[in-house]
Amino acid sequence: MSDVILFTVDEGLARLTLNRPARLNAFNAELAHAWRDATIEATSRDDVGAVLIDAAGPAFCAGGDVIEMATTGGSESDIAALAEVINTGIRALTESSLPVVAAAHGTTAGGGLGILLSSDYAVVGARSKLGSLYANIGLTPDLSVSAQLARAVGQRRALQLVLQDRLLTAEEAVDWGLAAEAVAGEDAAAEASLVRARAEEVARFWLAGAAAAYGQAKRLVRSQPERTFAEQLSEEARSIGAAMATKDAQARIAAFASSSRGAR
């Protein structure tokens, strides 16, 4: 795997670390292809039960590498094709049956929001700032921002963010539903470390519990827009039936029933 993404698997946890800190982990062609490859590998391995996305340096992700775009050029078709490469990785995460947590310290902007929204649980730093900022350089939302932002925060708030030159504070991001929680540290470096540690704690919680059930719950929620209400109810019924047949569920239900009888 390319050095622009650090990829490891440890006791069921796949960690993807964006590693272009000098450019605030902004996406260029190299990072786009590495992202696609890493996400596909993480979501296709049998030994992975959860995914953690974090980043090196002072920021999570600044979106696309605008400086590189300006200096190297790139046609309309080139930019669109590169976005589709990154989209492949986003779909790998959002369509998988693996829960995904993001550790998003520092700034998350532009397409970085799409990367954040590809997670199912986001931890940010108390100093974090999150925003769209596409229109500042004459561009429109990409990397799933228009597809996922309104689902996460509601249409009116999504419009407030994409139609203004605005960066949300960590407190606002949690209040809006962009992030699950914010973690504070003594300084920016300590805070980044604590954000990563908390995100790993969330992932390890999934792995220590009924990891497959968490993953299927994520899949049900993520895939719901594809179905009518009636279809979703049928899929829920099918899914809980399939879960009931697993050895993990049977063992957990038996343990719960035994403990309940003992408490009487």
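Residues numbered from 1 in each chain as written. Predicted model: local features only at pLDDT ≥ 70, side-chain atom pairs only at ≥ 80, totals over all residues. Heavy atoms only, no water.

A look at the layout of surface pockets
Phase 1 of the analysis: Space inside the largest pocket adds up to approximately 840 Å³.
Phase 2 of the analysis: Mapped onto the lining of the largest pocket, the elements with two or more residues apiece are helix 3 (76-94), helix 4 (111-117), strand 6 (121-125), helix 5 (145-153) and helix 9 (211-223).
Phase 3 of the analysis: By residue number, the principal contributor to the lining of the largest pocket is helix 9, which donates 7 residues.
Phase 4 of the analysis: A per-class count over the lining of the largest pocket returns 17 nonpolar, 8 polar and 8 charged. (1 Å grid on protein atoms, 1.4 Å probe; cavity = no way out; pocket = protein on both sides within 12 Å on 5 of 7 lines; lining within 4 Å. Points joined across faces, edges and corners; volume = space filled by probe spheres on them. Helix = DSSP H or I, 4+ residues; strand = E, 2+ residues; numbered from the N terminus. Nonpolar A, V, L, I, M, F, W, Y, C, P; charged D, E, K, R; others polar.)

Topic: the packing of helix 9 against helix 10 (residues 229-244)
Phase 1 of the analysis: Put simply, helix 9 and helix 10 touch, their axes get as near as 11 Å, and they point 170° apart. As the angle between them shows, helix 9 and helix 10 are arranged roughly antiparallel. Of helix 10, the residues touching helix 9 (which contributes Gln216, Arg219 and Leu220) are Gln232, Glu235, Glu236, Arg238 and Ser239.
Phase 2 of the analysis: Looking at the contact of helix 9 with helix 10 residue by residue, the classes come out as 1 nonpolar, 3 polar and 4 charged. (Axes fitted to C-alpha atoms, helices over the stretch in contact; angles between N-to-C directions. Parallel < 35°, antiparallel > 145°, perpendicular 65-115°, else oblique. Contact = heavy atoms within 4.5 Å.)

Quick notes on the sheet that holds strand 5 (residues 107-109)
Phase 1 of the analysis: With respect to topology, 3 strands assemble into an open sheet ordered 5-7-8, the strand pairing being mixed. Of all strands in the sheet, those with a lone pairing partner are strand 5 and strand 8 (167-169), marking the two edges. Sheet twist, expressed as the mean angle between neighbouring strand axes with direction ignored, is 20°.
Phase 2 of the analysis: Relative to strand 7 (residues 129-131), strand 5 runs parallel, the two sharing 3 bridges. The residue of strand 7 that forms the bridge with Thr107 is Lys129. (Pairing = 2+ DSSP bridges.)

Here's the deal with the side chain of Arg15
Phase 1 of the analysis: Here Arg15 is to be found in strand 2 (residues 13-18).
Phase 2 of the analysis: The exposure class of Arg15 is buried, given its relative accessible area of 18%.
Phase 3 of the analysis: A polar atom in the side chain of Arg15 sits 2.8 Å from the side chain of Asp54.
Phase 4 of the analysis: Within the structure, Arg15 has its side chain in polar contact with the side chain of Glu200 (distance 2.5 Å).
Phase 5 of the analysis: Those residues within four positions of Arg15 in sequence are excluded, and the remaining contacts are Leu6, Phe7, Thr8, Leu52, Asp54 and Glu200. (Buried < 20%, exposed > 50% of the residue type's maximum accessible area, 1.4 Å probe, protein only. Polar contact = N/O pair within 3.5 Å; in protein donor to acceptor, adjacent residues only side chain to side chain.)

As for the packing of helix 1 (residues 29-44) against helix 3
Helix-helix packing: each pair is described by the crossing angle between the helix axes and the interaxial distance.
Phase 1 of the analysis: Interaxial distance between helix 1 and helix 3 falls to 8 Å at its minimum, and their mutual angle equals 20°. Classed by the angle they form, the pair helix 1 and helix 3 counts as roughly parallel. When you trace helix 1 past helix 3, the crossing you get is left-handed. Counting all contacts with helix 1, which are made through Ala29, Ala32, His33, Trp35, Arg36, Thr39, Ile40 and Thr43, the residues of helix 3 involved are Leu82, Val85, Ile86, Thr88, Gly89, Ile90, Ala92 and Leu93. (Left-handed = near helix turned anticlockwise from the far one by under 90°.)

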